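Summary of structural features
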Amino acid sequence: MSATDIPPAEMPPPVPDPQATVPARRRWWRALLADPTAALAMLVLAAIALAAVLAPLIAPHDPNANTRTVMLPPAWSERGTWEHLLGTDGQGRDILSRVLHGTRLTLLIGLVAVGIGGLVGSVLGLLSAMYPRIDPWVMRINDMLLSFPAILLGLALVAISGPGVLPVIVALGIASIPDCARIARSIGIGVMGQEYIEAGRAVGLSDWAILRRYLLRNSISSIMIFLSLRFGQIILIGAALSFLGLGARPPASELGMMAAQGRDFLLFAPHIAAIPSVVIFVIVLCANITGDALRDVLDPRLQS
Amino acid sequence: MIETILNRIVVSVPVLFGVLFLGFALVQLAPGDPARVQAGPTAPPEVVERIRQEMGLDQPVIVQFGKYMERLAQGDLGRSLISNKTVTSELAAAIVPTIELMFASLIWSIPLGIAMGTLAAVWRGSLLDRIIMAISVAGVSLPIFFICLLLIQLLGVKYPVFPFIGRGGPIWTAEGLRHLVLPALSLGLIFIGPVSRMTRSSVLEVLRLDHVRTARAKGLTEPQVILRHGLRNALIPVVTLVGLQIGYLLGGAVVTETIFSYPGIGRLAVGAILSSDFPLAQGTILVLALGFILVNLIVDILYARLDPRVQKK
């Protein structure tokens, strides 16, 4: 959307400072926080992330220490104790402490994977927008990557290297590259056609400066929207792989793996599987709501 | 039309090669020396070396890849290290259950998702819209294993209505259907969210277009306008979405099959990977990848059929 679309009366006063993006950003924040659901989702997400970061400090027990009481129900049920707020699992480990540590690992897997996908994807996409010569090649590779769904990449990598967190992260990261590259490329091509690129070239800006100053700045918000929507999916696939025993290995705590361990006690202590599952659900739900809201605020084309 | 299809098939050839190479790399990169395994742990080095030559393992990778392709073309994927059955026979037994599960999941979830999305779009901003969208976003966010466990707990254990272990038989038998209910319910549930969200935004877009206004102006009833002029056009992006989400569905199927001990490709794959059964793991991944390519091919062709603009290009 160019400035000419705005009727003159609403046009903001011209700001000579190139830092004009700052008030816009503040406006986004305001719009984002005006949506109570989105604000709540972001708050919950921030709280969960904080709890995960501080897990070693705030966890009441050692996540791997066995107590003698196994399958203890949560504190609010009849036989529960306040000693173990969320009860204990099948091996008598404190569920709250394990959930805190597990959230840490689950979030880490999601963040690193999304980071890899976002970084490599946007670099590839922007470069191919900038240099039409490499474009067909990048897109060819992209199409090929696109035909490997994340779960298949995960299965294949784990088959080669054996179960572990690392192959899962790598697979999920690679699987996020092609979509991200496509988004970055299409925005990049639009930006490359603008007059200010030519002007920038005329005053002697290097390719690197053009890439950083124009291409990256213009595409970053769309890439962020995509990544925030992708984050939830990545967490779900990562947790599913761990649930299947292909991701995190015991004794580490990871939410998907904890749910799998609780499966054997479904009949007598359903909370062991339910609590980590609900935590995953809340994380992904909040991430999706935030992503939807971000899209509505940042991408005027999609606004209804 | 035929040109579109041929074109599309040609485009999938490099992808096919990529998949085959992945399968090949899987066996190549797998830990352990196949010649040593064949010879046994006590065999002297000369014997291992001879077996290595016999198996062609001393030849350049590209030659080995060629041989691998040759064997593949003959349907020879080796034998499972665990069951000692041929991988081909193991795969053949698992494909039909997986197709049945996919079919049984999609047959109810796609129509329901489309109906929910259309209702939400037509009564946009209403309470119904908000409820449907809340259900959809929750559906997109639920871990598939949680859905499976909840359904097992509710309809398998607490009110034992449906069996939740294994497969009862082919889909057309009563027992087979009964066993399919809970897995298909679980897998279908994760698909409702994406379909209804996509349908909603697509219908909203189409309802704004001129031809819809014309249809209203010439006095068609609202259901006629929505069904004949709105939904029909809105379904085109939904078809693409279904294609894009097949990968997601595949992941769900792997988890669902494992939890319900349902003898499909996904469960076979997980079992093979966990037990380091490399030939079988390779076979399952190949079949899953080929299935994914095939479904996308079908979706693209369907898309070209539905949208006359694609054909002209």
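Computed from a prediction, not measured in an experiment: that's the story for all the values here. Think of each chain on its own: its residues are numbered from 1, step by step along the sequence as written. Chain A is the first chain written and ligand 1 is the first ligand written, with later ones labelled in order. In keeping with the model being predicted, local features are shown solely for residues with a pLDDT of at least 70 and side-chain atom pairs are shown and tallied solely at 80 or more, while totals for entire chains, interfaces and linings include all residues.

1. Notes on the overall build of chain B
Selection criterion: Put simply, DSSP H or I for four residues or longer makes a helix, DSSP E for two residues or longer makes a strand, and each gets a number counted from the N terminus. By definition, residue pairs are in contact when their C-beta atoms, positioned from the backbone, come within 7 Å.
Scanning chain B for helices and strands turns up 14 helices and 0 strands. By sequence separation, contacts in chain B at least 24 residues apart represent 70% of the contacts at least 6 residues apart.

2. Details of the interface of chain B and chain A
Stated formally: Any residue outside Ala, Val, Leu, Ile, Met, Phe, Trp, Tyr, Cys, Pro, Asp, Glu, Lys and Arg is labelled polar, Gly included; the first ten of those are nonpolar and the last four are charged.
Across the boundary between the two partners, chain B contributes 37 residues, which contact 35 residues of chain A. Sorting the residues of the side of chain B that touches chain A by element identifies α1 (2–29), α6 (127–141), α7 (144–158), α11 (246–259), α12 (265–274) and α13 (278–306) of chain B as the ones contributing at least two each. The greatest single-element share of the side of chain B that touches chain A, amounting to 7 residues, is contributed by α13 of chain B. Counted by class, the side of chain B that touches chain A contains 30 nonpolar, 7 polar and no charged residues.

3. Some thoughts on the nonpolar core
One recurring pattern in soluble globular proteins is that nonpolar side chains are buried together. Convention followed: Among buried residues, those of type Ala, Val, Leu, Ile, Met, Phe, Trp, Tyr and Cys that are joined through C-beta atoms within 7 Å form a set called a nonpolar core. Once C-beta atoms are placed from the backbone, each residue is buried if 20 or more other C-beta atoms lie within 10 Å of its own, exposed if 12 or fewer, and partly exposed for counts between those two.
Grouped together as the largest cluster of nonpolar side chains are 153 residues, with contacts concentrated most on L152 and A240 of chain A together with F145, A269 and I285 of chain B. Tallying contributions element by element places helix α9 (residues 207–243) of chain A first for this core, with 15 residues. When neighbours within four sequence positions are excluded, F145 of chain B is seen to be in contact with A240, F243 and A259 of chain A together with V255 and I259 of chain B.

4. Focus: the UniProt feature "domain: ABC transmembrane type-1" (unreviewed entry) in chain A
Filter applied, for reference: UniProt positions are given in the numbering used here, feature names are shortened, and annotations may be inferred rather than shown by experiment.
Taken from the UniProt record, the annotation "domain: ABC transmembrane type-1" (unreviewed entry) applies to residues 103–291 of chain A. Annotation note: span residues 103–291 of chain A, helix share 81%, strand share 0%, distance between end C-alpha atoms 20 Å.

5. A closer look at the UniProt feature "transmembrane region" (unreviewed entry) in chain B
Residues and elements named next belong to chain B. Here, UniProt's "transmembrane region" (unreviewed entry) annotation points to residues 9–30, 101–123, 135–156, 176–195, 234–260 and 280–303. This span, residues 135–156, is 91% helix and 0% strand, and a straight line between its end C-alpha atoms measures 23 Å. In the segment residues 280–303, helix accounts for 100% and strand for 0%; the C-alpha atoms at its two ends are 34 Å apart.

6. Concerning the domain arrangement of chain B
Residues and elements named next belong to chain B. Applicable threshold: Residue ranges for the domains trace back to a domain assignment, done automatically or taken from a database.
Examined at the domain level, chain B breaks down into domain 1 (2–73) and domain 2 (88–312). Once you take the C-alpha centre of each, domain 1 and domain 2 turn out to be 34 Å apart. Residue composition of the side of domain 1 that touches domain 2, grouped by class: 8 nonpolar, 3 polar and 1 charged.

7. What about the UniProt feature "domain: ABC transmembrane type-1" (unreviewed entry) in chain B?
On the UniProt side, "domain: ABC transmembrane type-1" (unreviewed entry) is annotated at positions that read residues 95–303 of chain B here. Between the end C-alpha atoms of residues 95–303 of chain B the distance is 26 Å, and the span holds 83% helix and 0% strand.

8. Some words on helix α8 (residues 174–207) of chain B
Residues and elements named next belong to chain B. Condition: How far a helix is expected to stretch is found by multiplying one less than its residue total by 1.5 Å. Here the bend at a residue means the angle between the axes of two seven-residue stretches, the one that ends at it and the one that starts at it.
Over its 34 residues, α8 extends only 43 Å from the first C-alpha to the last, a length that falls short of the 50 Å expected when each residue adds 1.5 Å. The axis of α8 is deflected most strongly, by about 40°, at V181, and proline P183 appears within four residues downstream. Among the 34 residues that make up α8, 24 are buried, leaving the element largely enclosed by the rest of the structure.

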